[in-house]
Amino acid sequence: MDISCASVVVLQTLTQASSQDTAVLKPAEEQLKQWETQPGFYSALLNIFTNHSLDVNVRWLAVLYFKNGIDRYWRRIAPHAISEEEKSSLRAGLIANFNEPVNQIATQIGVLIAKVARLDCPRHWPELIPTLLESVKVQDDLRQHRALLAFYHVTKTLSSKKLIADKKLFQDLASGIYNFACSLWNHHTDTFLQQIYTGDVAAINSLERTSLSLKVLRKLTVHGFVEPHKNLEVMEFLNTVFERLKQFLECRRQVNPESTCSEKLEKTIILFTKVLLDFLDYHPFSFISLIQRSLEFAVSYIFTGAGEGVVFERFIVQCMNLIKMIVKNDAYKPAKNAEESKPETLEAHKIKLCFFSYSTLTEICRRLVSHYFLLTPEELSMWEEDPEGFAVEEAGGDSYKYSLRPCTEVLFLDIFHEYSQTLTPVLLEMVQNLHGPSDIDNTVELVIKDAVYNAVGLAAYELFDSVDFDQWFNNQLLAELQVTHIRYKLIRRRVIWLIGQWISVKFKSELRPMLYEAILNLMQDQDRVVRIETATTLKLAVDVFEFRTEQFVPYLENIFSLLFHLLQEVTECDTKMHVLHVISCVIERVGMQIRPYVGCLVQYLPLLWKQSEDHNMLRCAILTTLIHLVQGLGADSKNLYPFLLPIIQLSTDVSQPPHVYLLEDGLELWLVTLENSPSITPELLGIFQNMCALLELGSENVKTCFQIINAYIFLTSSEFLQNFSAVLCQSFCEMMQDITTEGQAQVLKVVENVLKVNPVLGPQMFQPLLPSVLKGILDGEKYPVVMSTYLGIAGRVLLQNAGFFSSLLNQIALELSQEMDQILGNIIEMWVDRMDNITQPERRKLSALALLSLLPSENSLIQDKFCGIINICVEALHDVLSEDPDTGTYKDCMVMSHFEEQKVSEDEEPPTEQDRRKKLMLPDLLSFSSNFVYELFEHCFEPRRQLALKDPVHSVSLQQFVYEKLKAQQELLGEQGFQSLIESVDTEVIRQLQGFLQKL
């Protein structure tokens, strides 16, 4: 591509690509995409964006295409990589002239240079750093600034490389240029300070260069030295930072607060603090000599009068972060045995102890509470004008997270935790000074009490042994909640919040009815913020371990009604979500006792769902509420299906955009709906159409998907399998090829459940999967969970559908070119060997029943495995038999009567509909073959007989079954032949077996 000609063509295409007309724009973009791999394309782009006479938009687009090309084609090994000759020319062109007049383009060029430097510097671009250093010395302001901008981006990029060799290169670079960088920074800083005090308009340009050179120094200082405290220049720079910070803070007095210069000045001041914070973070031991000065500086400016008129919020936050990082730093905390600590740690700890004297800690604590914790006039105004907005912010809204208040509270907690013995009496004294109700006309007193109570709530865990909260609650806090004057809302809201903080720390159960009474009253408060805060405390109150339903039930109807009215009253999405979470929590804790009171909520939720179409997070909260509502209503939740099922359908349909937000909660709602459904409906069955796509998605929700599938099986096995067994089997076969071991176990568990409920048709429905199960057993599957499930499935088929098991053996024998008896023998041998993989007693008993079903038999293979079969039976008998101390007989504890219903204690949730289905689940047919695989083993088995229409694990006594099978084997072989079999078994096993059988 001829560069001069190409530049013209590329320029024309870029001009079209910057058009607003899509008819012109799209073809141009396609053309540019085709040129990305053409030699000379990036040289043409360089010519275009360095030509200052061209349109700015076109030049901007050229820079972006160049930048994308570096990411894709600059590396030597990249497909269609830019040639070395062109790259050499491009590198030279990038640093030929630092005279870009447009700041945004200059920034992008700096980024471009840095991207190339990351790949090529210093090996293939040794001239870059010397060129930059020379360029920042020139007298031309524009060239100097652009070179300094590129210098910063290069330094930033090179410092971020993580390989050891790259770190060493950057350290070598830092050592070589550090002195120059310091001199450059000092020069620009002095120039700025001189200009700002003389009112020179050029000061803002000098400030920009000061900031850029400081950014360079920040990267060099933090990432350029292994042991920076051993470098005099580094430590001299860091000590200078404190002096410069003071000078820049004083400069704020000289600058119009509304000016651009003031904004840039504040950013530079913050940059100074970032240098200290980064250095402390990366080099805590090198920072030790700066601890004293850092603490003196920070405490002086934010906790004394020294900072008045010069500090601003972001600076205060940074200073608090500096104090917090020093207080909490693990490198400064000695071990319990001082001799095990590093000398540096002991030195740092000593500095901290000396600095944080009683008087200093006391002053910090008092200033934090009485100054920084106070609600500001702006906050009080927001409370009046936008109560919901205020409540959301106080609960941790986005703007709150980045404001001064949370930073202040975190610092208070960290210092209080570290020095609780010193500060506890200070805080308790502040509380004592505010004893009793405050003057409703004294706003200052009310705001101070709010702040002190805030501190006591935050430090609840630290004050556990020092505050008798129950007595305080009884003697004062309850009385303050009963002060109904409108101005006292600050204290009512803070007191109920305070109780919420303490309720999981120290609050007697006997006092809960009094608290519920107070909550009931406050839920009717005239102030909305108080009501919202009360709802929060209610959630905390019912969500603790000590919650007792019987204490809460007398208040349930009224409180739930008031919560519902609050939900209707609030208008902000965040507030509705919050109230819904409280409602969900209440429903979850009281369970079925919520049934009489949810009518109004059930009627309102469809309207709220419709109104929240554009608020997916609110819809998530509605889904959570519905989950708990369905669990509380149990079988009665069927009345919600007209509203409930379309929601599940939408939430779990991966073709619908909202599923990104709603899927997890939607699946959980789907599951609990099935578990509590008394019977299937066509609509509930139809939702399963969504499942195949969900299984293909293969997300972290697959486990819930399998639970849903199992729930359908337990709810309506015949109808469900008739409709979906084919697609399920296909999905499972595809999944088994590339899922985790846990995922395989989940798939197999579904198959096992199908065989349990439908032993005749189940194997046919999942026939494509079953050969792999037997092959897995033959191959000795190494994962115990999977092997256990393999054996469970094999046991079901062998025990309940012997004919199908025979056909499986025949199929595998043909595939492996082996005899069927050899395949069966290997399976039994592996079964005996891997019995320890089976941990579930039900599967262990099933294995014993299945292998026993092979008896009586004259087949030599079965007789060869007799010892192993008996060993498994004895192990299973140990698992399932319990001895009656009165009669001395054994009882199979897994056998249950047909209508046996387990009693539920008061502390337990009543069984769901699915729990009952699992317990009383009836297989379609249970039979034991009298001529099992008769094609293989002629004369092996006694006539087939039916047992009961139940799961044999829970309907057949293993003890009785063993006795009958052994007796039949004895009758078949005769006494002598049977005795020969018995002698093949270990004598201790026989002794244990006889002990079990003698007590029938």
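Nothing here was measured: the structure is a model prediction, and the numbers come from that model.

Enquirer: Just to check I follow, could you spell out the overall build of the protein chain for this structure?
Expert: When helices and strands are counted, the protein chain shows 48 helices and four strands. C-alpha atoms of the protein chain, sized along the principal axes, occupy 120 × 85 × 70 Å. Here the protein chain holds 1000 residues, and 54% of them are scored as buried. Intrachain contacts of the protein chain at a sequence separation of at least 6 include 73% that bridge at least 24 residues. Charge-centre separation for the protein chain: the mean point of 88 positive side chains lies 5 Å from the mean point of 127 negative side chains.

Enquirer: Which parts of the structure should I look at to understand the pattern of salt bridges?
Expert: Any two side chains of opposite charge can pair, given that their charged atoms come close. Under the counting rule described, the total for this entry stands at 47 salt bridges. Residue Glu 250 pairs with Arg 253 through a salt bridge whose shortest N-O separation is 2.9 Å. A relative accessible area of 31% means that Glu 250 is categorised as partly exposed. Given a relative accessible area of 46%, Arg 253 falls into the partly exposed group. Salt bridges linked by common partners bring Glu 379, Glu 394, Arg 405, Asp 450, Arg 493, Arg 494 and Glu 533 together as one network.

Enquirer: Explain the packing of aromatic side chains to me, please; I cannot follow it from the model alone.
Expert: By convention here, two paired aromatic rings are described through the distance between centres and the angle between planes. Applying the stated criterion to the full structure yields 41 aromatic pairs. A ring pair is formed by Tyr 178 and Phe 237, whose centres lie 6.5 Å apart and whose planes are at 85 degrees; its orientation type is edge-to-face. Pair noted here: Tyr 178 is in helix α9 (residues 164-198) and Phe 237 is in helix α11 (residues 232-251), with a separation of 59 residues, a long-range link. Of the two residues examined, Tyr 178 and Phe 237, each falls in the buried class. Seen from their ring centres, Phe 688 and Tyr 712 are 5.2 Å apart, and the 80 degrees between their planes marks the pair as edge-to-face.

Enquirer: Sorry if this is basic, but what is going on with the nonpolar core here?
Expert: It is characteristic of soluble globular proteins that their nonpolar side chains tend to be buried jointly. Among the nonpolar cores identified, the biggest contains 348 residues, and Ile 323, Phe 412, Trp 670, Ile 709, Tyr 712 and Phe 732 are the most heavily contacted of them. Not counting residues up to four positions away in its chain, the partners in contact with Ile 323 are Leu 295, Ala 298, Val 299, Ile 302, Phe 303, Phe 356, Leu 411 and Ile 415.

Enquirer: Would you take a moment to explain unusual backbone geometry for this structure?
Expert: For residues besides glycine, phi is generally negative; the peptide bonds are generally trans as well. In this chain, Cys 121 is followed by Pro 122 through a cis amide linkage whose omega measures 5 degrees. Along the chain, Pro 122 falls in the loop between α6 (103-120) and α7 (128-135). Omega for the peptide link from Leu 855 to Pro 856 comes to 0 degrees, which places this bond in the cis form. By the element assignment, Pro 856 lies in the loop between α42 (841-852) and α43 (860-864). Positioned with a positive phi, His 80 is a non-glycine residue whose angle comes to about 60 degrees. With respect to the element layout, His 80 can be found in the loop between α4 (56-73) and α5 (84-94). Even without being glycine, Ser 817 reaches a positive phi, approximately 55 degrees. Among the secondary structure elements, Ser 817 is positioned in the loop between α40 (802-816) and α41 (820-833). Classification of Ser 817 as exposed rests on a relative accessible area of 66%.

Enquirer: Looking at this structure, how should I read empty space enclosed by the protein?
Expert: Once rolled over the atoms, a probe with the size of a water molecule shows which space is left empty. This structure, assessed with the given rule, holds four cavities of 30 Å³ or more. Space inside the second largest cavity adds up to approximately 40 Å³. If you go around the second largest cavity, the residues you meet are Leu 245, Thr 273, Leu 276, Leu 277, Phe 297, Gln 318, Cys 319 and Leu 322. Sorting the residues of the lining of the second largest cavity by element identifies α12 (260-282) and α14 (313-328) as the ones contributing at least two each. Among the residues making up the lining of the second largest cavity, the classes are represented as six nonpolar, two polar and no charged.

About the cut-offs
Residues numbered from 1 in each chain as written. Predicted model: local features only at pLDDT ≥ 70, side-chain atom pairs only at ≥ 80, totals over all residues. Heavy atoms only, no water. Helix = DSSP H or I, 4+ residues; strand = E, 2+ residues; numbered from the N terminus. Buried < 20%, exposed > 50% of the residue type's maximum accessible area, 1.4 Å probe, protein only. Contact = heavy atoms within 4.5 Å. Lys, Arg positive; Asp, Glu negative; His and termini not counted. Charge placed at Lys NZ, Arg CZ, Asp CG, Glu CD. Salt bridge = Lys/Arg side-chain N within 4 Å of Asp/Glu carboxyl O. Phe/Tyr/Trp six-rings, centres within 6.5 Å; stacked < 30°, edge-to-face > 60°. Core = buried A, V, L, I, M, F, W, Y, C linked by side-chain atoms within 4.5 Å. 1 Å grid on protein atoms, 1.4 Å probe; cavity = no way out; pocket = protein on both sides within 12 Å on 5 of 7 lines; lining within 4 Å. Points joined across faces, edges and corners; volume = space filled by probe spheres on them. Nonpolar A, V, L, I, M, F, W, Y, C, P; charged D, E, K, R; others polar.

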